[in-house]
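An overview of the molecular structure
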Amino acid sequence: MFLYILGLVVAFYVYRWFRELKRVPNKSEKYVYITGCDTGFGNLLARHLDKQGFCVIAGCYTEKGEDELKKACSTRLCTVQLDVTDNESIRKATDVIKTLVGGRGLWAVVNNAGVSVPTAPNDWLVIDDFKHMMNVNLNGVIAVTLSVLPLIKKAKGRVVNVASVFGRISMFGGAYCISKYGVEAFNDSLRLNMAPFGVKVLCIEPGFFKTSVTDINLIQNNVQKLWERLPQDVKDDYGSDYFDRVKVTMNDKIGKILDADLMKVVSCMEHAVSAVHPRTRYSPGWDAKFFWLPLSYMPTCIADALLLRDIVKPKCSVL
């Protein structure tokens, strides 16, 4: 019986592997719009799809990002300056895209732009700390998607949303996990909504990768600024050495688990864009597959116990 079940499992994965090999034809006629192309996943994906023959429209936040990407890619790639929190910026980018794609429509949009700070215990933050990140990580995804959705429907194309394993389990304060949970919810509702139109909606849920979003120095500087603005009674609750202990933990644990191979994520993004039969969800990174996602399915009491075991505890902790 065990061998029979094992054989079925192996047969399923072999079948899926062969099925997923097939790529869409006529790549040179397909336009792909990517946000957050200045650095990281978006930048690498733009270069990768350009080499594969797609017509890439790269949304960059800075002129420097635009210039560097143009120098590294073919003339097929074009850039648009894009701030996903600015409706006027989104509208201007959409107007450019409409002119480029014409009657063919837009094959894919990849919502990659995102930020990771401010992140800290929730009682360190004020509501404005949440608003900015929500505007980038969630509202920006929705706004960009809606701006080009008619063009996607015309091409019967794809919407690829970059969420995170922290859209499945929330382990730290601030808006990051909240925004990624929101991306997951938007992705699921849009997938069902667009299915009758032949539009595929896919989600990328990376684990810990070494990008500007997970830059330890950036996060530590952000935490220090938040610590310095705290009222004294909150500092007393956490202890005068709390921030120092947080820095040690970040360097010892988070820094060591960051995966520098960004192509693991980019390959998933590319497959979502170019495969005839893409997956509904991708979870690049061994930590995502074998720790974070399994943890998200565990009973809350078990997940909490595992997460609380390694956190930096406040001075007045009762745990």
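Structure's up top.
**A word on the overall build of the protein**
- The helix and strand tally for the protein stands at twelve helices and seven strands.
- For 319 residues, the compact-globule estimate of 2.2 N^0.38 gives 20 Å, and the C-alpha radius of gyration of the protein, at 21 Å, lies within 12% of that figure.
- Expressed as a percentage of its 319 residues, the buried residues of the protein come to 47%.
- Contacts spanning at least 24 positions in sequence make up 71% of the contacts within the protein whose residues lie at least 6 apart.
- Looking at the protein as shown, the accessible area adds up to about 16,100 Å², and 59% of this sits on carbon and sulfur atoms.

**Examining the pattern of salt bridges**
- This model, assessed by the stated rule, comprises 15 salt bridges.
- Note that arginine 91 is salt-bridged to glutamate 88, the shortest N-O span being 2.5 Å. Within this pair, arginine 91 and its partner glutamate 88 are both found in helix 4 (residues 87-101), separated by three residues, close to a single helical turn.
- Under the relative-accessibility criterion, arginine 91 is labelled partly exposed at 40%.

**Examining the packing of helix 7 (residues 216-228) against helix 9 (residues 242-257)**
- The interhelical angle for the contact between helix 7 and helix 9, taken along N-to-C directions, is 165°, at an axis separation of 11 Å. Between helix 7 and helix 9, the angle is such that the two are roughly antiparallel. Between helix 7 and helix 9 the crossing geometry is right-handed. Taking contact as the criterion, the partners of Ile216, Ile219, Gln220, Val223, Gln224 and Trp227 in helix 7 are, on helix 9, Tyr242, Phe243, Lys247, Met250, Asn251, Ile254 and Gly255.
- Classifying every residue of the contact of helix 7 with helix 9 by side-chain character gives eight nonpolar, four polar and one charged.

**Topic: the sheet that holds strand 6 (residues 200-204)**
- In space, the seven strands of this open sheet follow the order 3-2-1-4-5-6-7, with parallel pairing throughout. Either end of the sheet is taken by a strand with one partner, and the two such strands are strand 3 (78-81) and strand 7 (281-282).
- Here strand 5 (residues 158-162) runs beside strand 6; their pairing, made up of five bridges, is parallel. The residue of strand 6 that forms the bridge with valine 160 is leucine 202.
- Along the sheet, helix 6 (residues 175-194) makes contact with strand 5, strand 6 and strand 7, crossing strand 6 at roughly 160°.

**Topic: helix 7**
- Taking 1.5 Å as the rise per residue, helix 7 with 13 residues should run 18 Å; its terminal C-alpha atoms sit 18 Å apart, in good agreement.
- The opening residue of helix 7 is aspartate 215, an N-cap whose side-chain oxygen sits 3.2 Å from the backbone nitrogen of asparagine 217.

**What to know about unusual backbone geometry**
- Cis peptide bonds are those with omega within 30 degrees of zero, and the linkage from valine 117 to proline 118 qualifies with 5°.
- Structurally, proline 118 is set in the loop between strand 4 (108-111) and helix 5 (127-155).
- Of note, the phi angle at asparagine 26 is positive, near 55°, even though the residue is not glycine.
- Locating asparagine 26 in the fold gives a position in the loop between helix 1 (2-19) and strand 1 (31-34).
- One non-glycine residue, lysine 156, adopts positive backbone phi at about 50°.
- Positionally, lysine 156 belongs in the loop between helix 5 and strand 5.
- Residue classification places lysine 156 among the exposed positions, given a relative accessible area of 52%.

**Details of the state of the cysteines**
- For the coordinates displayed, the defined rule picks out zero disulfides.
- Free cysteine: cysteine 78, not disulfide-bonded; nearest cysteine sulfur from cysteine 55 at 8.4 Å.
- Here cysteine 203 stays unpaired: no disulfide links it, and the sulfur of cysteine 268, its closest cysteine neighbor, is 11 Å away.
- By relative accessible area, cysteine 203 is classed as buried at 0%.

**So, the pairing of strand 3**
- Of the strand pairs in this sheet, strand 2 (residues 55-60) and strand 3 are connected by four bridges, and their pairing is parallel. Pairing of alanine 58 across the sheet is with threonine 79, part of strand 3.
- Taken together, strand 2, helix 3 (residues 63-72) and strand 3 form a β-α-β motif whose crossover is right-handed.

**Overview of the side chain of aspartate 50**
- Relative to the helices and strands, aspartate 50 is located in helix 2 (residues 40-52).
- In contact with aspartate 50, other than residues within four places in its own chain, are Val56, Cys73, Ser74, Arg76 and Leu77.

**Some thoughts on the nonpolar core**
- Trp124, Phe166, Ile169, Trp227, Tyr242 and Trp292 are the most contacted members of the largest nonpolar core, which has 32 residues in total.
- Sorting the residues of this core by element identifies helix 5, helix 6, helix 7, helix 8 (232-238), helix 9, helix 11 (286-297) and helix 12 (300-309) as the ones contributing at least two each.
- With five residues, helix 7 is the largest single contributor of residues to this core.
- Phenylalanine 166 has contacts with Met171, Phe172, Tyr176, Cys177, Lys180, Tyr181, Phe208 and Trp292, leaving out every residue within four places of it along the chain.

**What about the side chain of serine 164?**
- Looking at the element boundaries, serine 164 is found in the loop between strand 5 and helix 6.
- A polar atom in the side chain of serine 164 sits 2.9 Å from the backbone nitrogen of phenylalanine 166.

About the cut-offs
- Residues numbered from 1 in each chain as written.
- Predicted model: local features only at pLDDT ≥ 70, side-chain atom pairs only at ≥ 80, totals over all residues.
- Heavy atoms only, no water.
- Helix = DSSP H or I, 4+ residues; strand = E, 2+ residues; numbered from the N terminus.
- Rg over C-alpha atoms; globule rule 2.2 N^0.38 Å.
- Buried < 20%, exposed > 50% of the residue type's maximum accessible area, 1.4 Å probe, protein only.
- Contact = heavy atoms within 4.5 Å.
- Areas by Shrake-Rupley, 256 points an atom, 1.4 Å probe, with all protein chains shown as cover.
- Salt bridge = Lys/Arg side-chain N within 4 Å of Asp/Glu carboxyl O.
- Axes fitted to C-alpha atoms, helices over the stretch in contact; angles between N-to-C directions.
- Parallel < 35°, antiparallel > 145°, perpendicular 65-115°, else oblique.
- Left-handed = near helix turned anticlockwise from the far one by under 90°.
- Nonpolar A, V, L, I, M, F, W, Y, C, P; charged D, E, K, R; others polar.
- Pairing = 2+ DSSP bridges.
- Expected span 1.5 Å × (residues − 1).
- Polar contact = N/O pair within 3.5 Å; in protein donor to acceptor, adjacent residues only side chain to side chain.
- Disulfide = S-S within 2.5 Å.
- Right-handed = clockwise from strand over helix to strand, strands pointing away.
- Core = buried A, V, L, I, M, F, W, Y, C linked by side-chain atoms within 4.5 Å.

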